[in-house]
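# Residue-level structural notes
Next come the chains, spelled out residue by residue.
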Amino acid sequence: MPYMIETFDKPGALDLRMATRDEHLVFLAENAKLLLACGAKLDDDGNAAGGGLYVVALESRAEAEAFIAADPFFKAGLFDRVVIQRSRKAYVDGVCYLPEVKP
């Protein structure tokens, strides 16, 4: 069952986000097989809005906690708050995963 991980940056931490971004991107590439979706939150003008969202294919809260703890953004102290919530994989990239829905 997937987990959603929403992160909220500490106020005024854009410089820390940018300084750690390259390491963070390497981390994402190394863990690509777990990522159903992820990305930075943006404002309506397309500027960084201070956080991100990950949807990860993991089986437990402990695995989700370990995943985000290994992210260089987390290790650098970028996040003010992290919310982890279990989710249902219903549609991903236009494909339905619900057994009760027939195309």
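In this report, the structure presented in the accompanying data block is examined.

Secondary-structure assignment places T20 in helix α1 (residues 14-30). Judged by relative accessible area, T20 falls into the buried class, the value being 6%. Setting aside residues up to four positions removed in sequence, T20 forms contacts with P72, F73 and A76.

An order of β2-β3-β1-β4 is seen for the 4 strands of this open sheet, with the pairing classed as antiparallel. Strands with a single pairing partner mark the edges of an open sheet, and in this sheet they are β2 (35-42) and β4 (79-86). The sheet shows a mean angle of 15° between the axes of neighbouring strands, taken without regard to direction. Along the sheet, α1 makes contact with β1 (3-9), β2, β3 (48-56) and β4, crossing β3 at roughly 20°. Sitting on the sheet, helix α2 (residues 61-70) is in contact with β1, β2, β3 and β4, with an inclination near 150° to β4.

Moving on, we get to the pattern of salt bridges. Side-chain pairing between opposite charges can occur once the charged atoms of the two side chains come close. Evaluated as defined, the whole model comprises 2 salt bridges. Ionic pairing is found between K41 and E6, a salt bridge with its closest N-O pair at 3.1 Å. Taken together, the residues K41 in strand β2 and E6 in strand β1 connect sequence positions 35 residues apart. The salt bridge involving D9 is made with R17; its shortest N-O contact spans 2.7 Å. A relative accessible area of 12% places D9 in the buried class.

The subject of this paragraph is α1. The first and last C-alpha atoms of α1 sit 24 Å apart over 17 residues, in line with the 24 Å expected at 1.5 Å per residue. R21 marks the point of greatest bend in α1, at about 50°. Those residues of α1 that fall on the buried side of the exposure criterion are R17, T20, H24, F27 and L28. Among the structural elements, β1, β2, β3, α2, α3 (72-75) and β4 are those in contact with the buried residues of α1.

Reading guide: rules and limits
Residues numbered from 1 in each chain as written. Predicted model: local features only at pLDDT ≥ 70, side-chain atom pairs only at ≥ 80, totals over all residues. Heavy atoms only, no water. Helix = DSSP H or I, 4+ residues; strand = E, 2+ residues; numbered from the N terminus. Buried < 20%, exposed > 50% of the residue type's maximum accessible area, 1.4 Å probe, protein only. Contact = heavy atoms within 4.5 Å. Pairing = 2+ DSSP bridges. Axes fitted to C-alpha atoms, helices over the stretch in contact; angles between N-to-C directions. Salt bridge = Lys/Arg side-chain N within 4 Å of Asp/Glu carboxyl O. Expected span 1.5 Å × (residues − 1). Bend = angle between axes of the 7 residues up to and from the residue.

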